[in-house]
Structure formats: structure tokens, C-alpha cells
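Geometric and topological summary
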Amino acid sequence: MAYVITDTCIKDLLCVDVCPTDCIHPKKDEAAFEAATQLYVDPAGCIDCGACVPVCTSDSIHPVDELPEELKQFAEKNAAFYN
Ligand code: SF4
Ligand code: SF4
């Protein structure tokens, strides 16, 4: 399992600050940050701690198995950022 960020993300990086495994990118100092429309969780690095969820003011982060049908596509989109 992993957590997934969806397109309501406003790139304020609050989740990045609390993620213990540094699996949320791109970060501000990374080349892809400016062009990115949202941030993405690396499913290979996510340990399902849930720390990112309460800090997200736009409610954009969900456990992959709790994604509503219309947001399921974002599981693949998050993983694709790391492929
Ligand atoms: S806390 Fe939420 S809105 Fe902010 S960067 Fe993370 S996912 Fe995006
Ligand atoms: S659930 Fe934990 S490990 Fe996974 S992205 Fe959120 S803060 Fe990082």
C-alpha cells in the first residue's frame, strides 16, 4: 500500500516536511518542481505512516485503497513520476 496525492495539491510542501522517508517529490530545490502541477508520493518509499494526511490543508492525500473511484487514476500518476 502507499499514500497517493491528487490534483487538488497546491504545492505548499507541508507534507514534505513531515514525511519520515522523504518519498514526496518534487521538492522546491528540484528541477521538476516548477513545471509540476502537484506533488507525488513514491510508492516504493512510502511506509504508510499517515503523517502527511493531517498537515494537508487541501485534503489531497489518501491511502491508495481508500481512493474514490474518480481519483483512482492518481495512484498510477504518482508512481509514474518515479518511473
Ligand atoms: S500538503 Fe497537500 S497541498 Fe501541500 S504539497 Fe502536500 S499534498 Fe500538496
Ligand atoms: S504516509 Fe508517511 S511515508 Fe507515506 S507519503 Fe505520507 S508521510 Fe510519507
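All of these numbers come straight from a predicted model, not from anything done at the bench.

Cut-off values and rules
Residues numbered from 1 in each chain as written. Chains lettered and ligands numbered in written order. Predicted model: local features only at pLDDT ≥ 70, side-chain atom pairs only at ≥ 80, totals over all residues. Near = placed C-beta within 6 Å. Nonpolar A, V, L, I, M, F, W, Y, C, P; charged D, E, K, R; others polar. Helix = DSSP H or I, 4+ residues; strand = E, 2+ residues; numbered from the N terminus. Buried ≥ 20, exposed ≤ 12 C-beta atoms within 10 Å, placed from the backbone. Contact = placed C-beta atoms within 7 Å.

1. Concerning the site of ligand 2
In the vicinity of ligand 2, 15 residues are found, and the nearest of them are Cys19, Cys46, Cys49, Ala51 and Cys52. When its residues are assigned to classes, the shell around ligand 2 shows twelve nonpolar, two polar and one charged.

2. Description of the site of ligand 1
Surrounding ligand 1, one finds 14 residues, the nearest of these being Cys9, Asp12, Leu14, Cys15 and Cys56. Looking at the shell around ligand 1 residue by residue, the classes come out as ten nonpolar, two polar and two charged.

3. Focus on the environment of Ala51
As for its position among the elements, Ala51 is in the loop between strand S3 (40-41) and helix H2 (52-55). For Ala51, a count of 16 C-beta atoms within 10 Å puts it in the partly exposed group. Distance from Ala51 to Lys72, taken between C-alpha atoms, is 21 Å for residues 21 residues apart in sequence. Excluding residues within four positions of it along the chain, Ala51 makes contact with Val18, Cys19 and Pro20.

4. What about the environment of Thr21?
Tracing the chain through its elements places Thr21 in the loop between helix H1 (14-18) and strand S2 (24-25). Remark: the alpha-carbon pair of Thr21 and Asp42, spanning 21 residues in sequence, is separated by 9.8 Å. Those residues in contact with Thr21 that lie beyond four places of it in its chain are Gly45, Cys46 and Ile47.

5. Some words on the environment of His25
Note that His25 resides in strand S2. Under the C-beta neighbour-count criterion, His25 is labelled partly exposed, with 18 such atoms within 10 Å. Between the alpha carbons of His25 and Asp59 there is a distance of 17 Å; along the sequence they are 34 residues apart. The contact partners of His25, leaving out residues within four places of it in the chain, are Glu30, Leu39, Tyr40 and Asp42.

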